[in-house]
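# What the coordinates show
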There are 6 protein chains.
Amino acid sequence: MTLSNEPTRPHDQLREVQIQCGYLESNPASVLYRSGKTIVLCTASIERGVPPWMEGKGKGWVTAEYNMLPGSTSPRKRRDRDGKVDGRTTEIQRLIGRSLRAIIDLNALGERMITVDCDVLQADGGTRTASITGGFIALSLAVKQLAAMPVIGALPPVDPQAVLPKSVAAISVGVIGDDVVLDLDYLLDSAADVDMNIVMTGDGRFIEIQGTGEEATFGDEQLVRMLALGKKGIAELTAKQFAALEK
Amino acid sequence: MTLSNEPTRPHDQLREVQIQCGYLESNPASVLYRSGKTIVLCTASIERGVPPWMEGKGKGWVTAEYNMLPGSTSPRKRRDRDGKVDGRTTEIQRLIGRSLRAIIDLNALGERMITVDCDVLQADGGTRTASITGGFIALSLAVKQLAAMPVIGALPPVDPQAVLPKSVAAISVGVIGDDVVLDLDYLLDSAADVDMNIVMTGDGRFIEIQGTGEEATFGDEQLVRMLALGKKGIAELTAKQFAALEK
Amino acid sequence: MTLSNEPTRPHDQLREVQIQCGYLESNPASVLYRSGKTIVLCTASIERGVPPWMEGKGKGWVTAEYNMLPGSTSPRKRRDRDGKVDGRTTEIQRLIGRSLRAIIDLNALGERMITVDCDVLQADGGTRTASITGGFIALSLAVKQLAAMPVIGALPPVDPQAVLPKSVAAISVGVIGDDVVLDLDYLLDSAADVDMNIVMTGDGRFIEIQGTGEEATFGDEQLVRMLALGKKGIAELTAKQFAALEK
Amino acid sequence: MTLSNEPTRPHDQLREVQIQCGYLESNPASVLYRSGKTIVLCTASIERGVPPWMEGKGKGWVTAEYNMLPGSTSPRKRRDRDGKVDGRTTEIQRLIGRSLRAIIDLNALGERMITVDCDVLQADGGTRTASITGGFIALSLAVKQLAAMPVIGALPPVDPQAVLPKSVAAISVGVIGDDVVLDLDYLLDSAADVDMNIVMTGDGRFIEIQGTGEEATFGDEQLVRMLALGKKGIAELTAKQFAALEK
Amino acid sequence: MTLSNEPTRPHDQLREVQIQCGYLESNPASVLYRSGKTIVLCTASIERGVPPWMEGKGKGWVTAEYNMLPGSTSPRKRRDRDGKVDGRTTEIQRLIGRSLRAIIDLNALGERMITVDCDVLQADGGTRTASITGGFIALSLAVKQLAAMPVIGALPPVDPQAVLPKSVAAISVGVIGDDVVLDLDYLLDSAADVDMNIVMTGDGRFIEIQGTGEEATFGDEQLVRMLALGKKGIAELTAKQFAALEK
Amino acid sequence: MTLSNEPTRPHDQLREVQIQCGYLESNPASVLYRSGKTIVLCTASIERGVPPWMEGKGKGWVTAEYNMLPGSTSPRKRRDRDGKVDGRTTEIQRLIGRSLRAIIDLNALGERMITVDCDVLQADGGTRTASITGGFIALSLAVKQLAAMPVIGALPPVDPQAVLPKSVAAISVGVIGDDVVLDLDYLLDSAADVDMNIVMTGDGRFIEIQGTGEEATFGDEQLVRMLALGKKGIAELTAKQFAALEK
């Protein structure tokens, strides 16, 4: 099974990951995250205040937006400019937002809102998991930035350790024929009968499991193997995230 | 743990299910599906031809739409009339569509399109799983209807057994404190730390697993217990589906 | 003239009416209204406060929304999800709203807003008049519910007799060839040269008359006969409304 | 009762009407129609072919669009630019279209489409009836123009007498206190308890009657008086239409 | 070069201009502006207060909207009713707004907002420059009207000389073959290789220059000639504006 | 005048330009274009066929889309997701499209469509001129790519020299107090009284001039100085474009 045109990668191995923190001069909380040919620019923007339905609770909010640039795919992807964000985009950005909110302490954040934008410059499969993994780094950088700012007005100072006690990363696994494969690029994803995205904390607990049989079904044994492989991938990604943040 | 105001239901027991096939005189492929207080009207509409991107492949297509009536919740839910179907609705109808397509043989269907509409008349939790379980019944009724129609033009006759070789049902499970609970109604869902929707075939294979920690996480042991309880629920729902269809 | 496939109904007779008050357990102000094969679910939802342009006048507001479910017609009706509610829907819901506001005392209601949703489950002609007739029942149930609630804050208590001193019902009449016909179902409506909707109070005064020659015209004599037949129908519907409300 | 700031006009008298045919040099089928201070520019545009759902029937189609310019009212009216044409506009343009289609022979027109645009430059009540009355003149001018054109291709030549065998005009009447009043300007309309728009052919038959009690009701006797006064007004408008067209 | 079907006009001469101030009885700040066959109705509407982002600065705001009526062109122009104002319209109304704001003293205006609507009744080229030239007249009339009003509340009285110390007018020039031509009508515009719109103050300073090679380019010499001819036209238009305002 | 926080740059000097051709592995016609802190990703996508209104003429089409990523500015820029592309965006992408079409021979291109996407990753003024200058490079790369492709079907082979006989670049100039300044970054732009964008061919002819007094005006002498400085900048950019393309 050598569908991908990358030099053959073992089924249990991640694609090469490159993380460039502070990619944009104007926003320190920006990350260019590459996983193989997939490139996502993650930026975290901080605003004072929260959406109206959150006001007065002393809590903050984190939301995410996901977008693929038109040139990121071939053929070119049309822009979402007719007022209808497509269903796939909506699902992905809701997933990113939930994943980040699962590991942040919104009370410790105070009444601040952080928007994490994940813009895909080049898409080769795994853009949603790359967005979560890279989005966590942008979020961490934003929280560090907040902690370094002078405290103004009634908002509490920010303790990064209290705000972000855990980390989050995500990876895909799939079933292709008899194999269970880690980190599906576009070609592998097209060939997969079952596709599962796993979102976990750095300390090994599940945040989200989304497994889908694409016009196929799967049994218990395959489920167990996919989960095991996913955990291995998450552990490796977590290490890369912390290495990038410590630089 | 007696959060629900229903007479206390054991944690491993489904709500009462009522299935009324042919609810609308004008469309035999209509089902009024009740699970406790949740009421969903599922109707399947058949069209000749398929969407443009499917044309000429000799295959059919199945799609689903989901909607909550304004009076189905309290406070009243606003209609989606501003051109923005909300993210939750989009996610749910994509899930219903995928689930139904996983068990239908689109080649055996021929170039026909079936739209399954799931309109929630009353919502008390579990509307998406009720829509899948009821939607399968509407789809089965539509396929029976097709098989009974005279064949016109170039379309092949329909063999219900070939078109729908399997069945599909769905149920939710959750973690509330130390308990794992089957079939969450609104109150139970609000109390749950983890919420998982399981979509399975009648013969016990997974189509979709969506488990989410709502501002919480979960470990391996809880995952195993949720999956086991879900399987039990699916088996019971499958029996009810076939009983209703055989009447 | 036996166009309809119902057992032949005399031209001056209504279709069979069934009224099921409190159809939804979660909302007492809900009615399932059937007129022949036409089925409309009417629910009235109460909110404190009024739209911004009504604030501070001490008056309430009543509005209506009308919608046909996709499965209510054959072929399936597309949902209004592109942000364009079609002209017919807009006209009908404005008519329902005006009709209900004509018989309610908005001052006696106080600064409360009631939305009456009319969702058509099955359409066989006369959905707008069924919505008005059923909508009045839902509105009455909501006002009773309000009167039974403890009074909170500055809002005045509600006297149902003062809020709803009159009733309203509606019916269609038409001209088919030389006949004047009461209560047009879909087949009769398609055959009619002239179509008139009449909205009247229970005590016999007009609220609205909308008569349209569909690519035809009508003279004085036909107008007089249509109005007379309409009054007869309204009187019968009024009796059925009060019977249902008294149960 | 001297609400209007015009020099007092008897209750049974129309406002002054001015009709300027061929107002736009570039389109002979254009009319500037004035009724008192209400000014409507009506233009009829001809296209070959008909909407897709009309194709192949050998029939034509007439449709109308209605719009109020922002400066036509005080305070300024916002443009319909957010994709939501308001309900009132939709109702009015549907009424204009129905009224014009009631007197045109679409078979005699052949597969041509005529769009009648009614743009209100200044609004002082009665804009919908002015649009119908002026719209008929624009439509007549367009039909004359068609008849004068050389016949191209498969379309039949146009005989104006066959295409437009009748004329149409419209007027409002209302009940103010004990009076029945013809041709309501803005001030009279605001004061009216009942408002009725009557659309009739030039030979005295009804096309449309729309009578509405504005938070009021009306009885048989008022109805009879309104219809009589309306007929008188229509007869006078018909004479003015033909005078303008004969110039 | 005699492309236009008007009696031949020298290349350096404007089309005939007619200016009718106070065209609408209900709004003194209304102007019917004609330049040859191009007819634009310009109305200025005054509101107290400014948009939210301008509040509290003690300054006013002027904005413009531009629209072509469907009957203004042949073939008929579709209305902007789908929520997408086309790019050309957006550009033009931004240009009109900027041009008017360049010569008004927003501080002297006080917290008032003036909207200048430019609705094109008939289009024969040069509608954007006619809108600026006519829009200035409507704006001047509105400022005069403001000055004549009693001062209410905290707003300062208006000194027309201080609010509008300068005037603005606009004209097009173009290159057709070897000629440089003033004031392009539709036919000239279609023939032009280069099209330039010039907006200037009455005292001869540039506000805006927009020169575009339509699939062509232009050199320094042509630029110089276009600017000279444009200045000549502006001077003549300025004289006509003041003549109309002084009547 | 040292408004910018960059090391002081002489008024007649461009910001540093960096051009990275083939930035995306998946699309050779991609360029990362940097001018100082402004970063634009330009990608050109080729499709066979042209928009419907261009069909059958044997000509191609070039269009452009422009977008600022949310993280490109501070505060964060909201996405255009409500179906309303803002006026500024519309103007800019129309300008980019016109500029590129002015130097391409659409007949030589044949019935192909090229879309040039300009996505701004970081914005520090001059994004529209950077998009034109970088967009030309992406377009050139796409044309080279086309020329290297095997010719399929009826489309003519592509001769890059014939398709793109000229080049195009763009730059801004402005007036700040008494100075005329080249290449305005964000701070300079904010300080400018007059802002002019100049689009020119590589051989020194104008394609577009857009000069705007921002609540100010300008005279002949300033215009002459701005044009001279702009020409100098364009010449330097042209050299950089060719250097990048020759690598």
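Residues numbered from 1 in each chain as written. Chains lettered and ligands numbered in written order. Predicted model: local features only at pLDDT ≥ 70, side-chain atom pairs only at ≥ 80, totals over all residues. Heavy atoms only, no water.

You'll find chain A entered in an unreviewed UniProt entry as Ribonuclease PH, with Neorhodopirellula pilleata given as the organism. The heading Subunit (unreviewed entry) in the UniProt record of chain A holds the text "Homohexameric ring arranged as a trimer of dimers." In the Sequence similarities (unreviewed entry) part of its UniProt record, chain A is described as follows: "Belongs to the RNase PH family." (UniProt positions renumbered as here; feature names shortened; annotations may be inferred.)

Below, the discussion takes up the UniProt feature "domain: Exoribonuclease phosphorolytic" (unreviewed entry) in chain A. Listed under "domain: Exoribonuclease phosphorolytic" (unreviewed entry) in the UniProt record, and renumbered for this structure, are residues 13-142 and 168-233 of chain A. This span, residues 168-233 of chain A, is 30% helix and 44% strand, and a straight line between its end C-alpha atoms measures 12 Å. (Helix = DSSP H or I, 4+ residues; strand = E, 2+ residues; numbered from the N terminus.)

The next thing to look at is the side chain of Thr201 of chain A. Tracing the backbone through its elements, the reader meets Thr201 of chain A in strand E8 (residues 194-201). The class for Thr201 of chain A is buried, based on a relative accessible area of 0%. Leaving out residues up to four positions away in the same chain, Thr201 of chain A has contacts with Ile103, Lys166, Ser167, Val168, Ile207 and Ile234 of chain A together with Thr217 of chain B. (Buried < 20%, exposed > 50% of the residue type's maximum accessible area, 1.4 Å probe, protein only. Contact = heavy atoms within 4.5 Å.)

What follows concerns the pairing of strand E7 (residues 179-182) of chain C. Residue and element names in this part refer to chain C. Pairing of strand E6 (residues 168-176) with E7 involves four bridges; the strand directions are antiparallel. Counted as the bridge partner of Val175 is Val180 from E7. Joining the antiparallel neighbours E6 and E7 is a turn of two residues, in which Gly177 adopts a positive phi near 60 degrees. (Pairing = 2+ DSSP bridges.)

What follows deals with the sheet that holds strand E2 (residues 30-35) of chain B. In sheet architecture, strand pairing relies on hydrogen bonds along the backbone and comes in two forms, parallel and antiparallel. Residues and elements named next belong to chain B. The strand order across the open sheet formed by five strands is E1-E2-E3-E5-E4, and the pairing between neighbours is mixed. Looking along the sheet, the strands with just one partner apiece sit at the ends: strand E1 (17-21) and strand E4 (61-68). Each neighbouring strand pair of the sheet contributes to a mean axis angle of 15 degrees, computed without reference to strand direction. Each of E4 and strand E5 (112-122) is contacted by helix H1 (residues 87-101), which is oriented at about 145 degrees to E4, the strand it contacts most. Seen against the sheet, helix H6 (residues 220-246) touches E1 and E2 and runs at an angle of roughly 30 degrees to E1. (Axes fitted to C-alpha atoms, helices over the stretch in contact; angles between N-to-C directions.)

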